[in-house]
Amino acid sequence: MAPPVRYCIPGERLCNLEEGSPGSGTYTRHGYIFSSLAGCLMKSSENGAVSSINSRFAKVHILYVGSTPLKNSFRGTIRKEDVRATEKDKVEIYKSFRPGDIVLAKVISLGDAQSNYLLTTAENELGVVVAHSESGVQMVPISWCEMQCPKTHTKEFRKVARVQPEFLQT
């Protein structure tokens, strides 16, 4: 997934129809594409998609199953109660995930064409594996709940995955 282009709010004009095509989380009016969700604008060669978070859940696009890339992305939802195994009532989605993060998760409930797959990160090995700071630099995990920008040294909360050695690229 490409790094975020910028953050947007509902009703914000993103671009005209000649510059892009509407994706999920957008609508068109008078020749322009508008955001219908708060989130992070992602641009690709085909369309713009907005992934979002709110106080109850994080919406994600499922891009891989294991190490196999999917031809089509599927929608997934990580509910507040499925972020971690303990202290579920203290979870804050905004301190666990941000739009644009790459997350390792497990499917806990199958969806269909109209609904999302329910996902969980309630294991130490699951959570955010790649995140970018506001300056666009890939952040480094410093604990199970924080990542730091190597450029600005700014710390941000995340539900960080403890990546197993066999998945690390050398």
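Please read all numbers here as calculations on a predicted model, not as lab measurements. Throughout, a residue's number is its position along its own chain's written sequence, starting from 1. Side-chain atom pairs in this predicted model are given and counted only at pLDDT of 80 or more, local residue features only at pLDDT of at least 70, and totals for whole chains, interfaces and linings cover all residues. Hydrogens and water molecules were not included; the side-chain quantities draw on all heavy atoms of the structure.

### Remarks on the sheet that holds strand 11 (residues 117–120)
Within the open sheet, the four strands sit side by side as 7-8-11-10. Their pairing is mixed. The strands lining the two open edges of the sheet, one partner per strand, are strand 7 (57–65) and strand 10 (106–109). If you compare each strand with its neighbour and ignore which way they point, the axes differ by 50 degrees on average. Between any two strands, at least two bridges found by DSSP are needed for them to pair. Only DSSP runs of H or I covering at least 4 residues are called helices, and only runs of E covering at least 2 are called strands; the numbering of each starts at the N terminus. Bridge count between strand 7 and strand 8 (residues 68–79): eight bridges; the pairing is antiparallel. Bridge pairing in strand 8 links Val 60 to Gly 76. Here the axes come from fitting lines to C-alpha atoms, over the contacting stretch only for helices, and the angles between their N-to-C directions go from 0 to 180 degrees.

### Some details on the side chain of Ser 96
Counting through the fold element by element, Ser 96 comes out in the loop between strand 8 and strand 9 (102–104). Residue exposure (1.4 Å probe, protein chains only): buried if accessible area is under 20% of the type maximum, exposed if over 50%, otherwise partly exposed. Among the residues examined, Ser 96 registers a relative accessible area of 6% and is labelled buried. The contact criterion used is simple: two residues touch if any of their non-hydrogen atoms lie within 4.5 Å. When near neighbours in sequence (up to four residues on either side) are disregarded, Ser 96 contacts Val 83, Val 91, Val 128, Arg 158 and Lys 159.

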